[in-house]
Amino acid sequence: MCRRCVRICEELQCRNVISLKERSFDTIITTAYGRPWSETTCESCGNCVSHCPTGALSAKDHKKYRSWEVRKVRTTCPHCATGCQMDLLVRDNRIVGAEPADGPSNHNLLCVKGKFGSYKFVGSGDRLTHPLIRRNGQLEQASWDEALDYMAEQFREIQKKYGNDAIAGFSCSRAPNEDNFVFQKMMRAAFRTNNVDNCARICHSASVTGLAMTLGSGAMTNPIADITGDVDVILLVGSNPTEAHPVAGTQIRRAVRRGTKLIVVDPRKIDLTNDAALHLQIKPGTNVAFANGMMHIILKEGLADMDFISSRTEGFEILEQILEDYPPEKVAQICHIRQEDLIQAARMYAGARKAPIIYCLGVTEHSTGTEGVMSLSNLAMMTGKLGRPGCGINPLRGQNNVQGACDMGCLPTDFPGYQKVANPDVIHKFQTAWSVELNTRPGLTSTEVFPAAIKGSIKGLYIFGEDPIVTDPDTGHIEKALKSLDFLVVQELFMTETAAYADVVLPGVSYAEKEGTFTNTERRLQRVRKAVEPAGLARDDIQIFCDVMGRMGYPCHYDSAAQVMDEIACVTPSYGGISHARLDAGESLQWPCPSKDHPGTPILHAGRFSRGLGYFYPAVYKESRELPDEEYPILLTTGRMLYHYNTRAMTKRTEGLNEICSESYIEVNEEDAKVLGISHGDKVLVSSRRGRITSTARVGQKVSPQEAFMTFHFADGNVNRITNAALDDLARIPEYKACAIRIQKA
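First, a word on scope: everything that follows refers to the structure included in this document. What you are looking at is a predicted structure, and each value in this text was computed from that prediction instead of being measured.

**As for the packing of aromatic side chains**
Evaluated as defined, the whole model comprises 19 aromatic pairs. Consider the rings of Phe121 and Tyr511, whose centres lie 6.3 Å apart with planes at 20°: the pair is stacked. In this pair, Phe121 sits in the loop between helix H3 (112-116) and strand E6 (132-135) while Tyr511 sits in the loop between strand E20 (504-507) and strand E21 (516-519), placing the two residues 390 residues apart along the sequence. According to the relative accessible area criterion, Phe121 is buried, its value standing at 1%. The class of Tyr511 is buried, set by a relative accessible area of 5%. Here Phe170 and Phe450 contribute two aromatic rings whose centre-to-centre distance is 5.5 Å and whose plane-to-plane angle is 70°, an arrangement assigned as edge-to-face. Taken as a pair, Phe170 in strand E8 (residues 167-170) and Phe450 in helix H19 (residues 446-455) lie far apart in primary sequence, 280 residues in all. One exposure class covers both Phe170 and Phe450, and it is buried. Within the aromatic cluster, the residues linked to one another by ring pairs are Tyr150, Phe155, Phe183, Phe191, Tyr462, Phe464, Phe487 and Phe545. For Lys385, the ring lying beneath its charged end belongs to Tyr349, and the centroid distance is 5.1 Å.

Pasting the structure below:
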């Protein structure tokens, strides 16, 4: 009856699920209006439990331990890139719980995945614990020496026959910076190829490429606390943060309660639509037209910051001519919205003193994704909302360390710190640092590697912690590519669908079994600390990479992850002042942090853009590569849901999350459902030009007529069997967010 749980739910989580019932001696804590829990908006975030001072509320796992029997290990959540700080509760070399900690991006809150889905997979009984080698068509247990010797022999044979560039490697965006740095060093220094990439290619490579072109740095410009704090308007485009980045989404809800006006631009009626002052339910794939329409209105009504444009940017005149062709009535027709709403949104955003743009994969995962990003950058520059508090352009990165994997040089065109492979001075710098002659040819992106494997120019592939069979579009195409390889190595925690194709499978270790750092979406480096020992013969991933390098003729050794970070600081200017020692001493550092006495940089582009002058990119609207027709009349888009994460490799091993949701579904508009004879809960067949899957219909009004939505988390109806692998011309990112489908009752 202290009512702290009520206040947590109401004031911090902004859900108002827990309330008081009756009065005086009859007062009890229950749901608002006494409704059944299943009918409330409870997210099972567990924050009421974490902050209960009496034990009246407790997690189900609490019965496994007493508070004095556990030790706490401070670390960073392994799910989305919000970068929530938390304490893992460890008893007898087993993690038995997680509690929120006071981090700069979460302030003592966790989401349901962080609270309950961040640790059970670590001790799961189906973890890989021994190396495996394929013999006579079957994966069989082997010793480490046997597996590593065989790997080196096969890769050397490929190099001898086909050259160094016949080999490629994919690094892991869930692994620490130190792991990713050593992986790309292995590919470049030992394998002598720049064919190295990470899963940012299929989620935010458009941000890295687009923002680097227009601003000079492909990263979020402002901290989370800044853009969800004292701001007047938030322009949220193609992002569903209450499900994909829940703690950041909660902070947006709190901002709205304090008076911030929220503009949601999304094809679906997402959760935050209920809090929005305005929802522009645009057609998938029309982001460039939307942004150009906003800028057309801003210019016509004299709302542009012409002083900012003249003093800090270039290329405006060409864009200004292009914008003439995007009047509100035309853009409204393209985007399937009301022109009055577009005009209102433009006035609200341009007229606000502080107004950040926040976006996510609904902008990037298109065949025009990079141009979509640059159009939003144009919009921010036109209004002068860059380089100052409460503004900026802010991509919410998808995975816990996808920002760091890019920073560490797990890109075919970039060394660590986005130093270009095509720059001879950069090549000389790293040849000197690593004492080896390096390949000077930019490599292939991950989305180019698979077609190259089918054509026969890529023969060997080393995949670290990724599962492209599940995550990449057009699954049949990926299966064909993996079968075309001469040799495949997968380093993983579990026997994934991709690992099942491997010739060698190596057991790595999870974030809770190693030391290192993650770089979150706001460029903030935070520590990852070892909580438990690995099971079986699983080994630290850095040690594995060093052993592989040695066998490939390039001796390399590190005594600790801290030593790796010291090397990162030596060769990466933006990380030059960062060390484990500073982070362990309590400093919170955001790159660029060029020297040991530098405090880090919370806000980018203050006073000057990283590229000098900001560049207005002349983006014009182009339709998605595949549009509905008579045979496939519905436009499908994809995304995430709250209770699971990516391939579910981690979250499906938490019983409670599976109880809430354990199977695929497709959201269908009620008008379409009526025509198709489909009811809520029916099994349906979903077909595209690439394949067919079975799912469960969720009928309602979340999506517009002739549109549908699916998540990609569930194996029983993996949407990537039917998504389109069409690529963006600039970043080579696939078009997950728009493909034509047909729905039939099963």
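Picking up after the structure, the text goes on.
**A look at unusual backbone geometry**
Following Trp591, the chain continues to Pro592 via a peptide bond in cis, the omega torsion being 0°. Tracing the backbone shows Pro592 in the loop between strand E23 (589-590) and strand E24 (614-615). Residue Asp92 is not a glycine yet carries a positive backbone phi of 50°. As for its placement among the helices and strands, Asp92 is situated in the loop between strand E4 (85-91) and strand E5 (94-100).

**What to know about the pattern of salt bridges**
The full count for this structure, using the stated rule, is 46 salt bridges. One salt bridge in this structure joins Glu448 and Arg732, with 3.4 Å as the shortest N-O distance. Of this pair, Glu448 sits in helix H19 while Arg732 sits in the loop between strand E30 (724-727) and strand E31 (734-735), and the two are 284 residues apart along the sequence. Between Glu522 and Arg524 there is a salt bridge whose closest N-O contact spans 2.8 Å. Neither residue differs from the other here; Glu522 and Arg524 are each classed as buried.

**Topic: the pairing of E30**
Summarising the sheet, E30 and E31 pair through two bridges and their orientation is antiparallel. Counted as the bridge partner of Asn724 is Glu735 from E31. Hairpin connection from E30 to E31: six residues lie between these consecutive antiparallel strands, with Arg732 at a positive phi of about 60°.

**Side note on helix H21 (residues 475-484)**
Taken together, the buried positions of H21 are occupied by Thr475, Ile478, Glu479, Ala481 and Leu482. The buried residues of H21 all sit within an arc of 160° when viewed along its axis, so they share a single face. Among the exposed residues of H21, those pointing more than 90 degrees away from its buried face are Lys480 and Lys483. Buried positions along H21 lie against H19, strand E18 (460-464), helix H20 (468-471) and strand E19 (487-492).

**Let's talk about the sheet that holds E4**
Spatially, E3-E4-E5 is the arrangement adopted by the three strands of the open sheet, whose pairing is antiparallel. If you trace the sheet from one side to the other, it starts and ends with strand E3 (71-76) and E5, each paired once. Averaged over all adjacent pairs, the angle separating strand axes in this sheet is 30°, with direction ignored. Note that E3 and E4 share six bridges and pair antiparallel. Its bridge partner being in E4, Arg74 is matched across the sheet by Asp87.

**Topic: the sheet that holds strand E11 (residues 261-265)**
A sheet is described by the order of its strands in space; here five strands give the open sequence E12-E11-E10-E14-E15, paired in parallel fashion. Looking at strand neighbours, the two that pair on one side only are strand E12 (278-280) and strand E15 (393-395), the edges of this open sheet. Neighbour to neighbour, the strand axes of the sheet diverge by 15° on average, direction disregarded. Those strands touched by helix H9 (residues 246-257) are strand E10 (233-237), E11 and strand E14 (357-359), and its axis lies near 145° from that of E10. The strands touched by helix H16 (residues 369-382) within the sheet are E10, E14 and E15, with E14 carrying the most contacts at an inclination of about 170°.

**Quick word on the environment of Ile334**
With respect to the helices and strands, the residue Ile334 is situated in helix H13 (residues 328-335). Among the residues examined, Ile334 registers a relative accessible area of 17% and is labelled buried. Sequence-wise, Ile334 and Glu623 are 289 residues apart; in three dimensions their C-alpha atoms are separated by 9.5 Å. Residues in contact with Ile334, not counting those within four places in the same chain, are Lys283, Thr286, Ala289 and Tyr621.

About the cut-offs
Residues numbered from 1 in each chain as written. Predicted model: local features only at pLDDT ≥ 70, side-chain atom pairs only at ≥ 80, totals over all residues. Heavy atoms only, no water. Phe/Tyr/Trp six-rings, centres within 6.5 Å; stacked < 30°, edge-to-face > 60°. Helix = DSSP H or I, 4+ residues; strand = E, 2+ residues; numbered from the N terminus. Buried < 20%, exposed > 50% of the residue type's maximum accessible area, 1.4 Å probe, protein only. Lys NZ or Arg CZ within 6 Å of the ring centre and 35° of its normal. Salt bridge = Lys/Arg side-chain N within 4 Å of Asp/Glu carboxyl O. Pairing = 2+ DSSP bridges. Arc of directions from axis to C-beta. Contact = heavy atoms within 4.5 Å. Axes fitted to C-alpha atoms, helices over the stretch in contact; angles between N-to-C directions.

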